[in-house]
Structure formats: C-alpha cells, structure tokens
Amino acid sequence: MPDTSSPRDNLQQATRTGFGRFLIAVYAVFAVAATSRSIVQLTTRFDVAPFAYILSAVAAVVYIVATVGLARATEASRKVVTVSCIIELVGVLAIGALSYIQPDDFPDATVWSHFGQGYVFIPVVLPIAGLWWLRRTRQPRTPQ
C-alpha cells in the first residue's frame with residue numbers, strides 16, 4: 001500500500017517520536033518547575049531579588065513556549081521553538097555567568113543561575129538538545 005502521508009505529517013511524526021517525545025517531556029517538567037518556582041518567588045519574596053525572580057518567570061515562559069511548539073511540530077511552531085531555544089541558550093549562558101560575576105543579584109537560585117546548577121545543569125544542555133533535534137528532524141529542502 002502506498003504511503004499517503006504528507007510531508008507535513010512526516011515532519012510532525014519525526015519531531016514528536018523517539019527522542020522528541022523525551023524532549024517534550026523534559027521541557028514540560030521544566031515548564032511546570034520554572035512556573036511554580038517563579039510564582040512562589042514573585043509572590044512571597046519579590047523584594048529580596050526582583051531581577052532574579054523576573055528572570056525565573058521569563059525562563060518559565062520560554063519553557064512553556066518550547067513545550068507547546070515541540071508538541072505541535074508544525075513548520076511555524078518549529079520556527080518558534082528554534083527562537084525559543086536560542087533565547088534559552090543565550091539566557092542560561094548570560095544569567096549563568098552573571099550569577100557568578102554579581103552573586104548579590106542572585107541571593108536565591110533561579111532556573112538559569114549558575115548555568116542551571118540547581119537543576120543538574122540540564123538548563124544549559126536542553127536548548128542545545130532542542131536545536132539539534134529540530135535540525136535532525138527538519139524537512140528536507142526540495143530543489144527549486
């Protein structure tokens with residue numbers, strides 16, 4: 001029987017299976033963890049480190065966007081996830097470095113402080129894995 005699936009269906013299937021399913025699950029866990037942590041920090045200790053806690057909320061939004069985008073796996077969502085992963089990587093590297101350079105600005109740990117040390121450094125590996133997976137599962141370009 002001939003394959004009647006469209007290239008779009010194959011793209012979605014490739015992105016959401018195997019390692020992609022694992023990646024979606026990890027992003028979902030980080031979305032919940034970062035959102036929960038940022039809500040608690042913003043509502044109970046905002047005056048202690050507002051900059052750090054706002055960055056926790058930004059990280060939460062990035063994880064939510066990446067989770068939804070990876071799960072949808074459309075061409076548009078893949079572009080959004082690519083941007084999200086780039087923002088995440090730049091954020092974790094910048095905040096990771098800043099948390100060592102200016103530790104007074106980070107009296108409590110955030111998701112991206114110390115390069116995600118409180119989360120076993122997964123925040124620094126996750127965007128690299130996401131970008132790699134998106135590249136590996138991208139639709140082959142058709143000659144024009």
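Residues numbered from 1 in each chain as written. Predicted model: local features only at pLDDT ≥ 70, side-chain atom pairs only at ≥ 80, totals over all residues. Heavy atoms only, no water.

Novice: Help me understand the overall build of the chain in this model?
Specialist: Summing up its helical and strand segments, the chain has five helices and zero strands in all. For the chain, the sequential pattern of α-helices and β-strands runs α-α-α-α-α. Scored against the burial criterion, the 144 residues of the chain give a buried share of 38%. Considering only contacts in the chain between residues 6 or more positions apart, those separated by 24 or more positions represent 68%. Of the roughly 8,300 Å² that the chain leaves accessible, carbon and sulfur atoms contribute 67%. (Helix = DSSP H or I, 4+ residues; strand = E, 2+ residues; numbered from the N terminus. Buried < 20%, exposed > 50% of the residue type's maximum accessible area, 1.4 Å probe, protein only. Contact = heavy atoms within 4.5 Å. Areas by Shrake-Rupley, 256 points an atom, 1.4 Å probe, with all protein chains shown as cover.)

Novice: What am I meant to see in the pattern of salt bridges here?
Specialist: Two side chains that carry opposite charge are able to pair once their charged atoms sit near each other. One pass over the structure, following the stated rule, counts one salt bridge. One salt bridge in this structure joins Asp 108 and Arg 45, with 2.7 Å as the shortest N-O distance. With a gap of 63 residues between them, Asp 108 in the loop between α4 (75–101) and α5 (122–136) and Arg 45 in the loop between α2 (19–44) and α3 (50–72) connect regions that are remote in the sequence. Judged by its relative accessible area of 35%, Arg 45 falls in the partly exposed class. (Salt bridge = Lys/Arg side-chain N within 4 Å of Asp/Glu carboxyl O.)

Novice: Mind showing me how you'd approach the nonpolar core here?
Specialist: The nonpolar side chains of soluble globular proteins are, as a tendency, buried together. Residues Tyr 27, Tyr 63, Val 111 and Trp 112 are the most contacted members of the largest nonpolar core, which totals 30 residues. Counting only elements with at least two residues in this core, the list comes to α2, α3, α4 and α5. When residues of this core are assigned to their parent elements, the largest contribution, nine residues, is made by α3. If we skip the residues at most four places from it in the chain, Tyr 27 touches Tyr 63, Ala 66, Thr 67, Leu 70, Cys 85, Glu 88, Leu 126 and Pro 127. (Core = buried A, V, L, I, M, F, W, Y, C linked by side-chain atoms within 4.5 Å.)

Novice: Help me out: how do you make sense of α4 in this one?
Specialist: Counting along an α-helix, one turn takes 3.6 residues, and residues three or four places apart therefore face a common direction. The terminal C-alpha atoms of α4 lie 39 Å apart, and with 27 residues this matches the ideal 39 Å at 1.5 Å per residue to within 8%. Residues Ser 77, Arg 78, Val 81, Ser 84, Cys 85, Glu 88, Gly 91, Val 92, Ile 95, Gly 96 and Ser 99 constitute the buried set of α4. (Expected span 1.5 Å × (residues − 1).)

Novice: Sorry, what's going on with the side chain of Glu 88 here?
Specialist: Assignment of secondary structure puts Glu 88 in helix α4. Among buried charged residues, Glu 88 stands out as having no salt bridge; its nearest opposite-charge side chain is Arg 37, 14 Å away. Setting aside residues no more than four positions away along its own chain, Glu 88 makes contact with Tyr 27, Val 62, Tyr 63, Trp 112, Pro 123, Leu 126 and Pro 127. (Lys, Arg positive; Asp, Glu negative; His and termini not counted.)

Novice: Whenever I open this one, a nonpolar patch on the surface confuses me. Can you help?
Specialist: Taken together, the side chains of Leu 42, Phe 46, Ile 54 and Val 58 define a hydrophobic patch exposed on the protein surface, amounting to about 300 Å² of accessible area. By the element assignment, Val 58 lies in helix α3. (Patch = residues over 30% accessible without salt bridge, like charges linked within 9 Å, V, L, I, M, F, W, Y side chains within 5 Å.)

Novice: Help me understand α2 in this model?
Specialist: Between the first and last C-alpha of α2 there are 37 Å, a value that for 26 residues agrees with the 38 Å anticipated at 1.5 Å per step. Of all the residues in α2, the buried ones are Gly 20, Leu 23, Ile 24, Val 26, Tyr 27, Phe 30, Ala 31, Ala 34, Ser 38 and Gln 41.

Novice: Where do I start with the packing of aromatic side chains in this structure?
Specialist: Two descriptors summarise a pair of aromatic rings, namely the distance from one centre to the other and the angle between the planes of the rings. A complete count under the given rule lists 10 aromatic pairs for this structure. Both rings, one in Phe 19 and one in Trp 132, keep their centres 5.5 Å apart while their planes meet at 75 degrees; by these two values the pair is edge-to-face. With Phe 19 in helix α2 and Trp 132 in helix α5, the pair connects residues that are 113 residues apart, well separated along the chain. By relative accessible area, Trp 132 is classed as partly exposed at 45%. By the ring-pair criterion, three or more aromatic residues cluster together here, those being Tyr 27, Phe 30, Tyr 63, Trp 112 and Tyr 119. (Phe/Tyr/Trp six-rings, centres within 6.5 Å; stacked < 30°, edge-to-face > 60°.)

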